[in-house]
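Structural features, examined
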Protein chains: 2
Amino acid sequence: MAKEPNTPLYKVLIDDLKRQIDDGRYKKGDLLPSENDLCKSYGTTRPTVRQALGELTRMGYIIRQHGKGSIVSEPKSGLGILSLKGSTAGVGKKSLRTEMLVKSKRMTWPVDFPYDLTEEQQEAGCIYLARLRYVNGLPTLYEETYITDIDLPRFTMHNVAKNSLFETLKKYHHVEIKEGEQKIWAVMAGNHIADLLSTNAENPIIHMKRSMQTNKRNLVIYSFLYCNTADYFIQDYF
Amino acid sequence: MAKEPNTPLYKVLIDDLKRQIDDGRYKKGDLLPSENDLCKSYGTTRPTVRQALGELTRMGYIIRQHGKGSIVSEPKSGLGILSLKGSTAGVGKKSLRTEMLVKSKRMTWPVDFPYDLTEEQQEAGCIYLARLRYVNGLPTLYEETYITDIDLPRFTMHNVAKNSLFETLKKYHHVEIKEGEQKIWAVMAGNHIADLLSTNAENPIIHMKRSMQTNKRNLVIYSFLYCNTADYFIQDYF
DNA sequence: AAATTAAGCTTGTATATACAAGAAAAAATA
DNA sequence: TATTTTTTCTTGTATATACAAGCTTAATTT
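To keep things clear, this report deals only with the structure shown in the data block. (Residues numbered from 1 in each chain as written. Chains lettered and ligands numbered in written order. Predicted model: local features only at pLDDT ≥ 70, side-chain atom pairs only at ≥ 80, totals over all residues. Heavy atoms only, no water.)

**Comments concerning helix 2 (residues 35-42) of chain A**
All names here are of chain A. The condition that has to hold: Only protein chains enter the accessibility calculation, which uses a 1.4 Å probe; a residue whose area is less than 20% of its type maximum is buried, one above 50% is exposed, and one in between is partly exposed. Only DSSP runs of H or I with at least four residues qualify as helices, and only runs of E with at least two residues qualify as strands; both kinds are numbered from the N terminus onward. To be clear, the arc concerns the directions from the helix axis to the C-beta atoms. The contact criterion used throughout is that any non-hydrogen atoms of two residues lie within 4.5 Å.
Of all the positions in helix 2, only Glu35, Leu38 and Cys39 are classed as buried. Taken down its axis, helix 2 places every buried residue within 105° of arc, on the same side. Away from its buried face, by an angle of more than 90 degrees, helix 2 presents the exposed residues Lys40 and Ser41. Those residues of helix 2 that are buried are in contact with helix 1 (9-22), helix 3 (46-59) and strand 1 (62-65). Within two residues after helix 2, Gly43 carries a phi angle of roughly 60°, on the positive side.

**Describing helix 1 (residues 9-22) of chain B**
All names here are of chain B. The test is simple: Given the number of residues in a helix, its expected span is that number minus one, multiplied by 1.5 Å.
Spanning 14 residues, helix 1 covers 20 Å between terminal C-alpha atoms, matching the ideal 20 Å at 1.5 Å per step. Tucked into the core, helix 1 has its buried residues touching helix 2 (35-42), helix 3 (46-59), strand 1 (62-65), strand 2 (69-72) and helix 5 (165-173). Gly24 sits one or two positions beyond helix 1 and adopts a positive phi of about 85°.

**Here we look at the interface of chain A and chain B**
Applicable threshold: Accessible-area loss on putting two parts together, using a 1.4 Å probe and summing over both, is the definition of buried area adopted here. Salt-bridge detection follows one rule: a side-chain nitrogen of Lys or Arg within 4 Å of a carboxyl oxygen of Asp or Glu. Two N or O atoms form a polar contact when they lie within 3.5 Å of each other; inside protein one atom must be a possible hydrogen donor and the other a possible acceptor, and for residues adjacent in sequence the pair counts only when both atoms belong to side chains.
Each partner contributes to the interface: chain A provides 32 residues, whereas chain B provides 32 residues. Both faces combined, the contact of chain A with chain B buries some 3,000 Å², and carbon together with sulfur accounts for 61% of it. Our enumeration of links across chain A and chain B arrives at 0 salt bridges. Our enumeration of links across chain A and chain B arrives at 4 residue pairs in polar contact (both at pLDDT 80 or more).

**Some details on the side chain of Glu144(A)**
All names here are of chain A. Quick note on the threshold: Charged residues are defined narrowly, with Lys and Arg counted positive, Asp and Glu counted negative, and His plus the chain ends left uncounted.
Within the fold, Glu144 resides in strand 5 (residues 138-148). No salt bridge forms around the buried Glu144; measuring N to O, its nearest opposite-charge neighbour Lys209 is 9.2 Å away. A distance of 2.8 Å separates the side chain of Glu144 from the side chain of Tyr128, its partner in a polar contact. A polar contact is formed between the side chain of Glu144 and the side chain of Tyr142, at a distance of 2.8 Å. Among residues more than four places away in sequence, those in contact with Glu144 are Tyr128, Leu129, Ala130, Tyr222, Ser223 and Phe224.

Treat this as a map of the structure, not an account of what it does.
Structure representation (structure tokens):
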């Protein structure tokens, strides 16, 4: 597991606790160790521990209760794509298969790109990939992604299909999502999307446009997705 | 403006800065006063100021840049209902009109209510209201809300239509949203919803089910909404 | 035995401080 | 003048500490 050399302690704590929750070491309803206990374990002080617990709260991993402790919350179901950092913790993780329709390739930005691009972004070009996600064998989510081609050597080599895109970016390129914006519509599938998602053109489909800032300037990620919510739904915690 | 007597300083800061941004005192791209300046103005220290700025960042009001400052970010457009705390800052705020279809009334929970209720909630009953929101004259969003009827004396008296529901709850009942969950589908409007939103039954519509925990135990808010995204869309910052 | 009180845990808020690191402006150099 | 270096201002991370307030359990009292 390649790690940035000087990872802040509070981020180490976030990753550690998150992994233990994901792995089932802590289950729903369990109490995490108290803040003071965590201080001792990690040799730090409460403000640092609290910074980590605060972020885990925002991510929906725990709920904190004054006078009681940090309670591990509902394991995420649904597709979970609305929530930050693309933790595809949805539907049990095993029942989710991702197929790469367009392997990541370098190219120039499309002329009709719906977001404003800085000069630096224009010059850098982008990496494009298209994926189709199956939930329990049903093609449910089609996603096109554009990533500014800055500081991403040998990116196309890595297999983004297996791991989450965001995990790949974090692990191998130290790129992390900082903030973003998403727009949502309900649309009719149309012929192309209906074909991809094995449904009919008149079916209602969730359409989203997302842009995400990262810790690297000008490295912005855009994704356009179509989701068939006939059998599943999109879920999100805040 | 009724205020809880001992509002934490960092929340005062949040409200102050938020108001100044909403009022246009700080515009998009402007720099907020530096953390040290804010410390002096409010007679406090950086950790407290940073707690406030951190929450404003999460709310999408500012973007913080290492070495530069806190930049006031894009004013929210779209309907903004996906984001927490129902700040209906969407579409300019003036172009949004809310019509009360069912004035808030006390009742027992529906028998087919889709969420699990605790015994305390069952006993308490609920307050029900239904609203229709117009954006620039077009009926765009239909929302049904159920609130656990605990500690809300004279709630039905207040006019929830004008102010946001969440503002009313905060101002008069000291109820604040802590966390929540939302599920999203694309559905066909159907006759009933199509009638309310002045569209046809075959049109694709966003359907959401949301549950929100508050700072008061057992006081949970549920809302079910239908949104026509033909002319507008739902937006969300993270 | 039952109700009340107190003690001891927890998280919430806050102060005071220190150094690191990014960004921009000012000063020094070529 | 143009470039480089330095300085200064900014936010990021972290330690150490203090008291308030919510929750649970144990001790005390009735």
